[in-house]
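# Architecture at a glance
As a plain string of letters, each chain reads:
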Amino acid sequence: MKRKNSVPTKKAVLTTSGHRLRLKDNRLGRPNLELKIPKRIGVAADHGGHELKEDLILLIRSKGYQAVDFGDGYPAPEDDYPDFVIPLARAVARGEVDRGLALCGSGVGACVAANKVQGVRACLIHESFSARQGVEDDNLNMICLGGRVVGSGLAWELVQTFLEARFSGAERHLRRLAKVAEIERGEFKS
Ligand code: RB5
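Residues numbered from 1 in each chain as written. Predicted model: local features only at pLDDT ≥ 70, side-chain atom pairs only at ≥ 80, totals over all residues.

Take the overall build of the protein next. Within the protein one finds 6 helices and 7 strands. Reading the protein from its N terminus to its C terminus gives the helix and strand order β-β-β-α-β-α-β-α-β-α-β-α-α. The burial tally for the protein puts 37% of its 190 residues in the buried class. The long-range fraction of contacts in the protein, counting pairs at least 24 apart against all pairs at least 6 apart in sequence, stands at 69%. (Helix = DSSP H or I, 4+ residues; strand = E, 2+ residues; numbered from the N terminus. Buried ≥ 20, exposed ≤ 12 C-beta atoms within 10 Å, placed from the backbone. Contact = placed C-beta atoms within 7 Å.)

For the rest of this paragraph, the subject is the nonpolar core. Core analysis: the biggest nonpolar cluster contains 42 residues, and Ala102, Ala114 and Cys144 have the highest contact counts within it. Put simply, the parts of the chain that give this core at least two residues each are strand 3 (40-45), helix 1 (50-62), helix 2 (82-94), strand 5 (99-104), helix 3 (108-114), helix 4 (128-136), strand 7 (142-146) and helix 5 (152-164). Here this core takes 6 residues from helix 2, the largest share from any one element. Discounting residues that sit within four places of it in the chain, Ala114 has contacts with Val85, Ala89, Ala102, Val120, Ala122, Met142 and Cys144. (Core = buried A, V, L, I, M, F, W, Y, C linked by C-beta atoms within 7 Å.)

Turning to the site of the ligand, a few remarks are in order. By nearness alone, every residue bordering the ligand is listed as Asp46, Gly48, Tyr81, Cys104, Gly105, Ser106, Val108 and Gly109. Its residues assigned to classes, the shell around the ligand shows 3 nonpolar, 4 polar and 1 charged. (Near = placed C-beta within 6 Å. Nonpolar A, V, L, I, M, F, W, Y, C, P; charged D, E, K, R; others polar.)

Turning next to the sheet that holds strand 3. Strand order in the open sheet formed by 5 strands is 4-3-5-7-6, and the pairing between neighbours is parallel. Edge strands, defined here as strands with exactly one partner in the open sheet, are strand 4 (66-69) and strand 6 (122-124). In this sheet, adjacent strand axes meet at a mean angle of 25 degrees when their direction is disregarded. Note that strand 6 and strand 7 share 3 bridges and pair parallel. Counterpart to Cys123 in the pairing with strand 7 is Ile143. On top of the sheet, helix 2 reaches strand 3, strand 5 and strand 7; it is set at about 160 degrees to strand 3, its chief contact. Those strands touched by helix 5 are strand 3, strand 5 and strand 7, and its axis lies near 175 degrees from that of strand 7. (Pairing = 2+ DSSP bridges. Axes fitted to C-alpha atoms, helices over the stretch in contact; angles between N-to-C directions.)

Listed below in structure tokens is the structure:
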């Protein structure tokens, strides 16, 4: 009898081997499920998050990470968050950057947009418990912050917590992520 929580064998795309987790099905992007230390951090913002983006890029670099700036280049009130967040989200999904920070005024629009890209697991994060647990349990590869909600001091604390956290690789979380990935594959079929 099939267990209620089991992932059907043909669709069980995640395996564990030591500390390295590899997606058998490459369509979701191998790097996102590997326990590697993030080095290249992509940052994108609209005008609502521009100032915070500039602060975070300096702080990220000061800690020895590489920061990749996806814009905006200057805060134009008429610029639109998808124009900056989607290129960043695609770079995260392809493994061109290890993690992503998407910023707008509230962080909400950035989060909605980022999660439209297959392979992205983004969340609006304004407190530290979720900044850490979101990675450990849910393997977040992007966080979204509101430049009109948090100051750069708190934002930097949250970003550091996010960057220092590692996915646990626990079986139950792999099972849940496999179910999410399965839904995602269905939704993106056209
Ligand atoms: C832009 O003014 C603002 O709506 C945007 O930055 C963001 O808050 C959307 O969620």
